[in-house]
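For reference, the chains in residue letters:
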Amino acid sequence: MATMTTFISAFVGIVALIGLGATFVPVYARWRAYQQSAYLHIELPARLERAVGSRLVARERGAIIGALAVGGAAVLGFATGAFGDSEPGLTTLFIVGAVFAGVGIGTAIAALTGKKEVPSDRPRVARSGAATVADYIAPIERIGARVAVVIVVAVAVGLAVAGSSTDGPLFSVAFFAAAAVLTLVLFEIASRRIVGASQPAGSTAELVWDDAIRASVVRDLVTAPIALAVYGTIIGVFGLADTGAGAAAYVGIGAVVAGLVVALVASAISRPRRYFLRRLWPDLRWSDTADTATDAA
Amino acid sequence: MLTIDPKSPVPPFEQLRLQFIEQVRSGELAAGAKLPTVRRLADDLGLAPNTVARCYRELERDGFIETRGRNGSFVSAQGDAAEQQAQVAARAYADRVKQLGVSPRDALAWVTAALEA
């Protein structure tokens, strides 16, 4: 493994460890809760501050631990030569891909193991209609992840058909395609379980905040398959160009780059972090989540 | 939004049933809207699954919702099902009043008093 890759990996690892340490500091949890409140334009009642903050950092902690575990294993594998030699640029992509996969796995575990209780003598609030995963994540991300994974698998098949050697990009693309498929399956299963889990809430504010955290977790989960599929596709289309596929491969490169730009712009414009509010709480006002306004308690 | 107050003198089953009816009538729950599963709603509201199941059964009996096998429960296309049900209830009351030999004037007075209570 190249010295520069080792240095960058070590630096990122230290930053991640510092971030992990921060999740144990109460002030950080409080800051994250209010940051989320400001971004989403949802009032954060003082009595929910601690609960929301601790759930947000628990999710972050899971993501960082997952990233450190899977990313660390990848770094160790390359450093010891267990994964063989590859180009420095490709090694970095593998490690970053492993980090994304780790973030997805860690987030899923943290989200699925958390539990929330409401005292039995308090009023309980629930949504009267059923919610689905589609209410928590924008179509551009949910459908986009599936499309991106189909594309990277198609590129891997294209490389195999074009006769690329296993030493070339075929192995890398096949690796990213397999990882993208696995993390997409993880997203589909975990997101359904997260959204299907009960939402014990004692007030409207609690329910809105539970939705906010769920939406955030589901969005974190979808990042891994998208990132892995995009990496695999980029490597794959350049590999196709090298195999002599010629003009078709360059058209493919152009299409991938154009698709990425369009997806990024569309995603930025649609503000996907606030998507769940538009779907589940279309008439929500800032004051609706304040303690005095609609809390049933 | 559904709210169950454990300190209310109204039984949880009735609180739930009345809120569903109100939301269907007001259009907050539109025709075709899917309801949460019995287990999910019971967990969310801290009720026994049997309580929610009974509520769903009565709502279905009264024409507010319909069950589509394993797909779950959905709000029925309403029109004015509530008015239809009210008329059915009024008919049953009138029949019973006749059987008992009570005068229509007294029967109406009791209904009015009950509605205004």
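Cut-offs and rules
- Each residue is numbered by its place in its chain's sequence as written, counting from 1.
- Chain labels run from A onward and ligand labels from 1 onward, assigned in the order the entries are written.
- Reporting in this predicted model follows two pLDDT cut-offs: at least 70 for local features of residues, and 80 or more for side-chain atom pairs to be given and counted; totals over whole chains, interfaces and linings ignore these cut-offs and use all residues.
- Helix and strand definitions here come from DSSP, where helices need a minimum of 4 consecutive H or I residues and strands a minimum of 2 consecutive E residues; each element is numbered from the N-terminal end.
- A residue is called partly exposed when the number of other C-beta atoms within 10 Å of its own lies between 12 and 20, exposed at 12 or fewer, and buried at 20 or more, with C-beta atoms placed from the backbone.
- Whether two residues are in contact is decided by their C-beta atoms, placed from the backbone, lying within 7 Å.
- pLDDT is a residue-level measure of predictor confidence that goes from 0 to 100.
- By the convention adopted, Pro, Cys, Tyr, Trp, Phe, Met, Ile, Leu, Val and Ala count as nonpolar, Lys, Arg, Asp and Glu as charged, and the other residues, Gly among them, as polar.
- Criterion used throughout: strands pair if DSSP finds at least two bridges between them.
- Axes here mean lines fitted to C-alpha atoms, for a helix over just the part in contact, with angles spanning 0 to 180 degrees between N-to-C directions.
- The scheme is simple: roughly parallel for angles under 35 degrees, roughly antiparallel for over 145, roughly perpendicular for 65 to 115, oblique for anything else.
- By convention the crossing between two helices is left-handed if the near helix lies anticlockwise of the far one by an angle smaller than a right angle, and right-handed if it lies clockwise.
- Multiplying one less than the number of residues by 1.5 Å gives the expected span of a helix.
- In this context, the arc is that of the directions from the helix axis out to the C-beta atoms.

Notes on the overall build of chain B
Moving on, step 1. Of regular secondary structure, chain B possesses five helices and three strands.
Moving on, step 2. Tracing chain B from N to C terminus, the helices and strands come up as β-α-α-α-β-β-α-α.
Moving on, step 3. Its C-alpha atoms give chain B principal-axis dimensions of about 50 × 35 × 25 Å.
Moving on, step 4. Counting all 117 residues of chain B, 22% fall into the buried class.
Moving on, step 5. Of the contacts formed within chain B by residues at least 6 apart in sequence, a portion of 49% connects residues at least 24 apart.

Let's talk about the confidence of the model for chain A
All names here are of chain A.
Moving on, step 1. Mean pLDDT over chain A stands at 83; residues scoring 70 or higher make up 88%.
Moving on, step 2. At the low end of the mean pLDDT range in chain A sits helix H10 (residues 291–294), at 46; at the high end sits strand E1 (residues 124–126), at 92.
Moving on, step 3. Across residues 292–297 the pLDDT falls below 50, and counting only partners more than four positions away or on other chains, this stretch makes 16 contacts in the model.

So, the interface of chain B and chain A
Moving on, step 1. Between chain B and chain A, the contact holds 20 residues from the first and 16 residues from the second.
Moving on, step 2. Here the side of chain B that touches chain A takes five residues from helix H2 (residues 38–45) of chain B, the largest share from any one element.
Moving on, step 3. Looking at the side of chain B that touches chain A, its residues break down into eleven nonpolar, four polar and five charged.
Moving on, step 4. Strand direction decides the pairing type here: E1(A) and strand E1 (residues 2–4) of chain B, joined by three bridges, are antiparallel. Bridged to A:Arg124 within E1(B) is B:Ile4.

Structural notes on the packing of helix H1 (residues 3–22) of chain A against helix H3 (residues 49–79) of chain A
Residue and element names in this part refer to chain A.
Moving on, step 1. Packing of H1 against H3 brings their axes to within 10 Å, and their N-to-C directions diverge by 160°. Classed by the angle they form, the pair H1 and H3 counts as roughly antiparallel. Seen from above, H1 lies across H3 with left-handed handedness. Of the residues in H3, those touching H1 at Thr6, Ser9, Gly13, Ala16, Gly19 and Leu20 are Arg61, Ile64, Ile65, Ala67, Leu68, Gly72, Val75 and Ala79.
Moving on, step 2. Looking at side-chain class alone, the contact of H1 with H3 contains eight nonpolar, five polar and one charged residues.

With respect to the packing of helix H5 (residues 139–162) of chain A against helix H6 (residues 169–196) of chain A
Residue and element names in this part refer to chain A.
Moving on, step 1. Orientation of H5 relative to H6, taken along the N-to-C sense of each, is 155°, at an axis distance of 9 Å. Comparing their axes, H6 and H5 come out roughly antiparallel. Both H5 and H6 take part in a crossing whose hand is left-handed. On the side of H5, the interface is formed by Ala145, Arg146, Val149, Val152, Val153, Val155, Ala156, Leu159 and Ala160, while H6 contributes Pro169, Leu170, Val173, Ala174, Phe176, Ala177, Ala180, Val181, Leu184 and Phe187.

Considerations on the confidence of the model for chain B
If pLDDT is low for a region, its predicted coordinates should not be looked at in detail.
Moving on, step 1. With 94% of its residues at a pLDDT of at least 70, chain B reaches an overall mean of 87.
Moving on, step 2. In the predicted complex, the global pTM is 0.78; the interface-specific ipTM is 0.74.

Some details on the environment of A:Leu56
All names here are of chain A.
Moving on, step 1. In this structure, leucine 56 sits in helix H3.
Moving on, step 2. Linking leucine 56 and glycine 97, residues 41 residues apart in sequence, is a C-alpha distance of 24 Å.
Moving on, step 3. Other than its neighbours up to four places away in sequence, leucine 56 contacts Ala29, Arg32, Ala33, Gln36 and Ile213.

Observations regarding helix H2 (residues 26–40) of chain A
All names here are of chain A.
Moving on, step 1. Taking 1.5 Å per residue as the helical rise, H2 with its 15 residues ought to reach 21 Å, and the 21 Å between its terminal C-alpha atoms agrees with that figure.
Moving on, step 2. Regarding H2, the residues found buried are Ala29, Arg32, Ala33, Ser37 and Leu40. All buried residues of H2 lie within an arc of 135° about the axis, which places them on one face of the element. With respect to the buried face of H2, the exposed residues turned more than 90 degrees away are Val27, Gln35, Ala38 and Tyr39.
Moving on, step 3. Phi turns positive one or two residues past the end of H2, at histidine 41, with a value near 60°.

Brief notes about the environment of A:Ser37
Moving on, step 1. Mapped onto the fold, A:Ser37 is located in helix H2.
Moving on, step 2. Residues within four places of A:Ser37 in sequence aside, it is in contact with A:Ile42, A:Glu43 and A:Leu44.

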